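Structural features, examined
This is what each chain is made of:
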Amino acid sequence: MKQLKIANIPGDGIGKEVVAAATDILKTVSEVHGGLKFEFTEFQWDCRYYLEHGAMMPEDGMERLSQFDGIFLGAVGDPNLVPDHVSLWGLLIKIRREFEQSINLRPAKVIKGIRSPLLNPKDFDIMVVRENSEGEYSSIGGSMYRGDDEIAIQNAVFSRKATERAMRFAFELAKKRNGHVTSATKSNGIIYSMPFWDRVFEDVAKDYPDIQADSQHIDALAAFFVTQPDRFDVIVASNLFGDILTDLGAAIMGSIGIAPAANINVNGKYPSMFEPVHGSAPDIAGKGVANPIGQIWTAKMMLDHFGEEELGSVLLNTIESVTNDGFLTRDIGGRHTTQDVTDEIIARLKKN
Ligand code: NAD
Ligand code: IPM
Ligand code: MN
């Protein structure tokens, strides 16, 4: 029996609601299909924890997390309690960086029963490989002077190692998919980092002569996401471009509430972390209406990561059968609650 130790960090707002839902679903998956057992340990490291302790996690927090096979996270952030950059750099970004989760893998594809806001979209199935450890999200910079002369400087950092790692990951992924990688660039306007990004892309592409490789400026790429999303297969993007593009990917699927993500540690030294694309949604927190599909599809990515692709497919097919039968939350035009959708997925998993 395969046993997986998972650290659950529900976080803030709807994170707590959707992690509870998706955890029940993972328990059902292991109950129904056997051969796999999850042992969940919950950590209440959120903005309230910060107010009490002055930090988002205890001093030995990372050490404790390193004992787990994986981390299942909802969303962090309650800007009314703690400034976002403090809570996010104290937990989410800290874990991504210190556990070398240098790849953030984020799909965007058509789901049966969920209507895209696009007019007549063709069937699209995109995988964004987001560089997750550096780029525009850097801790180098500062601000100086006050008043009218105040300036802030933020240096983007692009290392060959991390850039190449994201690109190789994208090409390897394209081999298993439709053999096409698009690089998101902006080398017409950003004159040091992006020409470097293009050069690394060209170098890596040479090792994959059978994969179609092309480059697109991020502004045009964003437009094509809306007008022709079906032209893409795998996209490799810097940290910030990947962040923006994946909210757009979620939007063209139908809602930010359904998009999943995996923060992958590729060298196997540390656990990977699974959290959806969306945030803690303070505007709907506590109302029981959050769409749980982003978190549940994220659970499917966790199953895939642990080599349980068959169970992962069962889970995604079950999600689609439920959406296709109209069990939809408010954000995608339905009237069902988080619990309704979760219960229906559980019931169908038990039937299959
Ligand atoms: P958000 O994703 O939380 O919300 C944007 C909009 O989408 C809101 O109207 C919200 O109600 C809606 N939405 C999001 N998830 C939904 C779901 N599952 N079902 C239905 N509707 C959903 O983005 P935001 O408002 O920019 O950020 C809110 C907080 O979350 C901030 O503190 C932000 O920093 C944080 N955040 C955290 C993460 C993370 O921890 N992974 C990711 C993004 C944002
Ligand atoms: C995401 C989020 C985070 C990011 C924020 C909350 C720091 O938007 O996971 O997409 O920008 O990476
Ligand atoms: Mn984001």
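Each value, and the rule that gives it
Residues numbered from 1 in each chain as written. Chains lettered and ligands numbered in written order. Predicted model: local features only at pLDDT ≥ 70, side-chain atom pairs only at ≥ 80, totals over all residues. Helix = DSSP H or I, 4+ residues; strand = E, 2+ residues; numbered from the N terminus. Rg over C-alpha atoms; globule rule 2.2 N^0.38 Å. Buried ≥ 20, exposed ≤ 12 C-beta atoms within 10 Å, placed from the backbone. Contact = placed C-beta atoms within 7 Å. Near = placed C-beta within 6 Å. Nonpolar A, V, L, I, M, F, W, Y, C, P; charged D, E, K, R; others polar. Pairing = 2+ DSSP bridges. Axes fitted to C-alpha atoms, helices over the stretch in contact; angles between N-to-C directions. Core = buried A, V, L, I, M, F, W, Y, C linked by C-beta atoms within 7 Å. Domains from an automatic or database assignment. pLDDT = per-residue confidence, 0-100. Parallel < 35°, antiparallel > 145°, perpendicular 65-115°, else oblique. Left-handed = near helix turned anticlockwise from the far one by under 90°. Expected span 1.5 Å × (residues − 1).

**Let's talk about the overall build of the chain**
The helix and strand inventory of the chain stands at twelve helices and twelve strands. Compactness check: the chain gives a C-alpha radius of gyration of 20 Å against a globular reference of 20 Å for 352 residues, within 12% of the reference. Overall size of the chain, expressed as C-alpha extent along the three principal axes, is 55 × 50 × 40 Å. Considering the chain as a whole, with its 352 residues, one finds that 48% of them fall into the buried category. Counted over contacts in the chain with a minimum sequence separation of 6, partners at least 24 positions apart contribute 75%.

**As for the site of ligand 1**
Of all residues adjacent to ligand 1, which total 24 residues, the nearest are Gly77, Gly257, His278, Gly279 and Asn291. Secondary structure elements with two or more residues in the shell around ligand 1: α1 (14-33) and α4 (84-90). Taken together, the residues of the shell around ligand 1 break down into twelve nonpolar, eight polar and four charged.

**A look at the site of ligand 2**
Close to ligand 2 lie Leu88, Leu92, Ile93, Asp243, Val277 and Gly279. Across the shell around ligand 2, the residue classes break down as four nonpolar, one polar and one charged.

**Some thoughts on the sheet that holds strand β5 (residues 125-131)**
Ordered by their spatial adjacency, ten strands build an open sheet running β2-β1-β3-β12-β11-β4-β5-β10-β8-β9, and the pairing between neighbours is mixed. Only two strands of the sheet have a single partner each, and these edge strands are β2 (36-42) and β9 (212-217). Taking each pair of neighbouring strands and ignoring which way they run, the sheet shows an average axis angle of 25 degrees. Taken together, the five bridges between strand β1 (residues 2-11) and strand β3 (residues 70-75) define a ladder with parallel strand orientation. Paired with Ile9 across the strands is Leu73, a residue of β3.

**Description of the nonpolar core**
Residues Ile25, Ile71, Val129, Ala170, Ile235, Val236 and Ile296 are the most contacted members of the largest nonpolar core, which totals 98 residues. With eight residues, the single largest contributor to this core is α1. If you count residues domain by domain, this core takes at least three from each of domain 1 (1-101 + 260-352) and domain 2 (116-253). Contacts of Val236, omitting those with residues within four sequence positions, involve Val129, Ala166, Met167, Ala170, Val181, Ser183 and Ala184.

**Brief notes about the domain arrangement of the chain**
Bring the parts together and some accessible area is lost; that lost area is often taken as the interface size. Along its sequence, the chain is organised into domain 1 (1-101 + 260-352) and domain 2 (116-253). Computed over C-alpha atoms only, the centres of domain 1 and domain 2 are separated by 25 Å. Between domain 1 and domain 2, the contact holds eight residues from the first and eight residues from the second.

**Considerations on the confidence of the model for the chain**
Parts of the prediction with low pLDDT should not have their coordinates interpreted in detail. Overall, the predicted model of the chain reaches an average pLDDT of 97, with 100% of residues at or above 70. In the predicted assembly, ipTM is 0.99 and pTM is 0.97.

**Re the pairing of β3**
Where burial is concerned, most of β3 is hidden: six out of the six residues are buried. Bridge analysis of β3 against strand β12 (residues 272-274) gives three bridges, and the strand direction is parallel. Counterpart to Phe72 in the pairing with β12 is Phe274.

**Focus: unusual backbone geometry**
Located in the positive-phi region is Asn120, a residue other than glycine, with phi close to 45 degrees. Assessed through the 5 C-beta atoms surrounding it within 10 Å, Asn120 is described here as exposed. With a phi angle near 65 degrees, Tyr145 is a residue other than glycine that sits in the positive phi range. With 9 C-beta atoms packed within 10 Å, Tyr145 lands in the exposed category.

**Some remarks on the environment of Asp233**
With respect to the helices and strands, Asp233 occurs in the loop between α8 (218-227) and β10 (234-237). Considering only alpha carbons, one finds Asp233 and Leu221, twelve residues apart in sequence, at a separation of 13 Å. Excluding anything up to four places from it in sequence, Asp233 contacts Ala174, Arg177, Asn178 and His180.

**Observations concerning the packing of α1 against helix α10 (residues 293-305)**
The contact between α1 and α10 brings their axes to 8 Å, and the two run at 40 degrees. As far as their axial angle goes, α10 and α1 are oblique. In this structure, α1 meets α10 at a crossing whose hand is right-handed. The residues of α10 that touch α1, namely those facing Val18, Val19, Ala21, Ala22, Ile25 and Leu26, are Gly294, Gln295, Ile296, Thr298 and Ala299. Tallied by class, residues from the contact of α1 with α10 come to eight nonpolar, three polar and no charged.

**Brief notes about α10**
Here α10 is 13 residues long and its end C-alpha atoms lie 18 Å apart, about the 18 Å a rise of 1.5 Å per residue gives. Burial analysis of α10 places eleven of its 13 residues in the buried class, the great majority of the element. Within the span of α10, buried status applies to Ile293, Gly294, Gln295, Ile296, Trp297, Thr298, Ala299, Lys300, Met301, Met302 and Leu303. Looking at the buried side of α10, the elements it contacts are α1, β3, β11 (262-264), β12, α11 (309-324) and α12 (338-351).

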